[in-house]
Amino acid sequence: MARLQAAEKLATAELFPPQNVEVIRFDASPDLWGVTIVEANDVESIANVINSWRIACPGIFKTTKISPARPVQEAMASAAEMIKKLS
């Protein structure tokens, strides 16, 4: 019930869906783990997604991890460029 109330509170405050962030996936598992895949131009916007839920529903997260990701092709091209510069 607390999570539903938090979601309503965030929607009313126009904090979810978050501004400046495109929510690509917002998933939950039966054991209450979740994965949110978002796209944003800055770290602050992504951190605000997590923090808004923490504020609206204290204790909602036992553990969180924010990890930037990009397509493998981009990562490989970037690594190849670094290898070339460092070789």
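The rules behind these values
- Residues numbered from 1 in each chain as written.
- Predicted model: local features only at pLDDT ≥ 70, side-chain atom pairs only at ≥ 80, totals over all residues.
- Heavy atoms only, no water.
- Core = buried A, V, L, I, M, F, W, Y, C linked by side-chain atoms within 4.5 Å.
- Buried < 20%, exposed > 50% of the residue type's maximum accessible area, 1.4 Å probe, protein only.
- Helix = DSSP H or I, 4+ residues; strand = E, 2+ residues; numbered from the N terminus.
- Contact = heavy atoms within 4.5 Å.
- pLDDT = per-residue confidence, 0-100.

Draft legend 1. Representation of the nonpolar core. With seven residues, the main nonpolar core is built from Ala6, Leu10, Phe16, Trp53, Ala56, Cys57 and Ile60. When residues of this core are traced back to their parent elements, those giving at least two are helix H1 (2-12) and helix H2 (43-56). What Phe16 contacts, discounting residues up to four positions off in sequence, is Leu10, Ala11, Val23, Phe26 and Trp53.

Draft legend 2. Looking closely at the environment of Ser45. Its location among the elements puts Ser45 in helix H2. The class for Ser45 is buried, based on a relative accessible area of 9%. Separated by 26 residues in the primary sequence, Ser45 and Gln19 place their C-alpha atoms 7.7 Å from one another. Contact partners of Ser45, with chain neighbours within four places excluded, come to Asn20, Val21 and Ala40.

Draft legend 3. The arrangement of the confidence of the model for the protein chain in detail. Looking at the protein chain as a whole, its pLDDT mean stands at 91, while 100% of the residues score no less than 70. When the elements of the protein chain are averaged for pLDDT, strand E2 (residues 34-40) gives the smallest value, 90, and helix H3 (residues 72-86) the largest, 96.

Draft legend 4. Geometry of the environment of Pro58. Within the fold, Pro58 resides in the loop between H2 and H3. For Pro58, a relative accessible area of 68% corresponds to the exposed category. Between the alpha carbons of Pro58 and Ala6 there is a distance of 9.4 Å; along the sequence they are 52 residues apart.

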